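An overview of the molecular structure
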Amino acid sequence: MEALQVHNTGAVTATTVQDVKPKKKICCACPDTKKLRDECIVQHGEDACSKWIDAHKRCLRAEGFNV
């Protein structure tokens, strides 16, 4: 995924999601998916929760974390 950035000089550059620095600590990012993931793992075990684990990873990547 690419994002466009406009600089004061008027130049436009493209950056990828991997270039974006996280704005939060990883423990504070994506609290909704983290809660769903954790509750699922406690109730059903890790093997049954890949849907929530993957959703949390996607959210963390969108926040700029490399997971």
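See above for the structure.
These lines cover the structure that appears in this document, whether it is placed above or below.

Definitions and limits used
- Residues numbered from 1 in each chain as written.
- Predicted model: local features only at pLDDT ≥ 70, side-chain atom pairs only at ≥ 80, totals over all residues.
- Heavy atoms only, no water.
- Salt bridge = Lys/Arg side-chain N within 4 Å of Asp/Glu carboxyl O.
- Disulfide = S-S within 2.5 Å.
- Helix = DSSP H or I, 4+ residues; strand = E, 2+ residues; numbered from the N terminus.
- Buried < 20%, exposed > 50% of the residue type's maximum accessible area, 1.4 Å probe, protein only.
- Contact = heavy atoms within 4.5 Å.

In this section: the pattern of salt bridges. Evaluated as defined, the whole model comprises one salt bridge. For the salt bridge of D38 with R37, the shortest nitrogen-to-oxygen distance reads 2.7 Å.

Our next topic: the state of the cysteines. Summed over the entire model, instances satisfying the criterion amount to two disulfides. With its sulfur 2.0 Å from that of its partner, C30 forms a disulfide with C59. Measuring the twist about the S-S bond at about -95°, one finds the C30-C59 disulfide to be left-handed. Of this pair, C30 sits in the loop between β2 (12–16) and α1 (31–44) while C59 sits in helix α2 (residues 50–62), and the two are 29 residues apart along the sequence. For C30, a relative accessible area of 5% gives the class buried. There is a disulfide in this structure between C40 and C49, and the S-S distance comes to 2.0 Å. The disulfide joining C40 to C49 has a torsion of about -90° about its S-S bond and is therefore left-handed. Residue classification places C40 among the buried positions, given a relative accessible area of 9%. The class of C49 is buried, set by a relative accessible area of 0%. Among the cysteines of the chain that take part in disulfides, numbered as they appear in the sequence, the pairing is 1-4, 2-3. Lacking any disulfide linkage, C27 is separated from the closest cysteine sulfur, that of C28, by 3.6 Å.

Mapping H56 onto the fold places it in helix α2. Looking at H56, the relative accessible area reads 4%, which means it is buried. Contacts of H56, omitting those with residues within four sequence positions, involve A29, C30, T33, K34 and R37.

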